Amino acid sequence: MSDGAALVGPDGALRCPWALSAPEYVTYHDEEWGRPVHGDDALYERLSLEAFQSGLSWITILRRRPGFRAAFADFKIASVAAFTDEDRERLLADAGIIRNRAKIDATLANARVLAEWAPGELDELIWSHAPGPGTRPVPKALSDVPAVTPESTALSKALKKRGLRFVGPTTAYALMQACGLVDDHLQDCVARRPGG
């Protein structure tokens, strides 16, 4: 099929191959993945969803994202930090999300930790781990895209040191990709940022 290079989509534009496997992926790929995300609540949502994705396909999370947002108060840190034991039980019974006890507990615990941080502190910490512009090679094929980098390992350690859970180096790198700290759109991809 493909060596992992960009493929032509139904509209004739070249895209990262993974973006063409489902209609939801095309929209997510073109409009969101790799675009800079700022704001503590927005980054908490992405961090939480990446943790829920661990061991699953991203399409599973993407299709349930509305359910996740409804279940977790739109990922407002202050709101989730105030969730009670009854809320936890509600989440464990909610078929609209992934009902994984460890991931739900980590999402709640992370909100409680983050609620103690100063406004903008999560944003600052995450973005302080972005590699410098022009320091990474532009990927030509999927095989050129790493799963872990020194920056994601450092970010993982920094988040864990501050008390966050389910933030291993692979999850941290997926967060960096999704939130635009790195641009892993392939060289010929229509969604690659100029100079990215």
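Please read these numbers as outputs of a predicted model, since none were measured by experiment.

Side note on the environment of Val182
Then, number 1: You can see Val182 is positioned in the segment after helix H9 (169–178).
Then, number 2: Residues contacting Val182, with those up to four places away along its chain left out, are Gly34, Pro131, Arg136, Tyr173, Met176 and Gln177.

Overview of the UniProt feature "binding site: Zn(2+)" (unreviewed entry) in the protein chain
Then, number 1: Residues annotated by UniProt as "binding site: Zn(2+)" (unreviewed entry) correspond here to Cys16, His29, His185 and Cys189. The largest pairwise C-alpha distance within this set of annotated residues, which runs over 174 residues, is 10.2 Å, so the set is compact in three dimensions.
Then, number 2: Relative to the helices and strands, His29 resides in helix H1 (residues 23–31).
Then, number 3: Relative accessible area serves as the criterion here: at 0%, His29 is assigned to the buried category.
Then, number 4: Those residues within four positions of His29 in sequence are excluded, and the remaining contacts are Arg15, Cys16, Trp18, Ala19, His185, Cys189 and Ala191.
Then, number 5: Within the secondary structure, His185 sits in the segment after H9.
Then, number 6: His185 gets classed as buried once you look at its relative accessible area, which sits at 0%.

Looking at the packing of helix H2 (residues 40–53) against helix H6 (residues 101–114)
Think of two packed helices as two axes; the pair is described by the angle between the axes and how far apart they sit.
Then, number 1: With their axes 10 Å apart at the nearest point, H2 and H6 run at an angle of 160° to one another. Viewed along their axes, H2 and H6 adopt a mutual orientation that is roughly antiparallel. The element H2 and its partner H6 pack so that their crossing is right-handed. Seen from H2, the contacting residues are Tyr44, Ser48, Ala51, Phe52 and Gln53; seen from H6, they are Lys103, Ile104, Thr107, Asn110, Ala111 and Leu114.
Then, number 2: Looking at the contact of H2 with H6 residue by residue, the classes come out as six nonpolar, four polar and one charged.

Conventions adopted
- Residues numbered from 1 in each chain as written.
- Predicted model: local features only at pLDDT ≥ 70, side-chain atom pairs only at ≥ 80, totals over all residues.
- Heavy atoms only, no water.
- Helix = DSSP H or I, 4+ residues; strand = E, 2+ residues; numbered from the N terminus.
- Contact = heavy atoms within 4.5 Å.
- UniProt positions renumbered as here; feature names shortened; annotations may be inferred.
- Buried < 20%, exposed > 50% of the residue type's maximum accessible area, 1.4 Å probe, protein only.
- Axes fitted to C-alpha atoms, helices over the stretch in contact; angles between N-to-C directions.
- Parallel < 35°, antiparallel > 145°, perpendicular 65-115°, else oblique.
- Left-handed = near helix turned anticlockwise from the far one by under 90°.
- Nonpolar A, V, L, I, M, F, W, Y, C, P; charged D, E, K, R; others polar.

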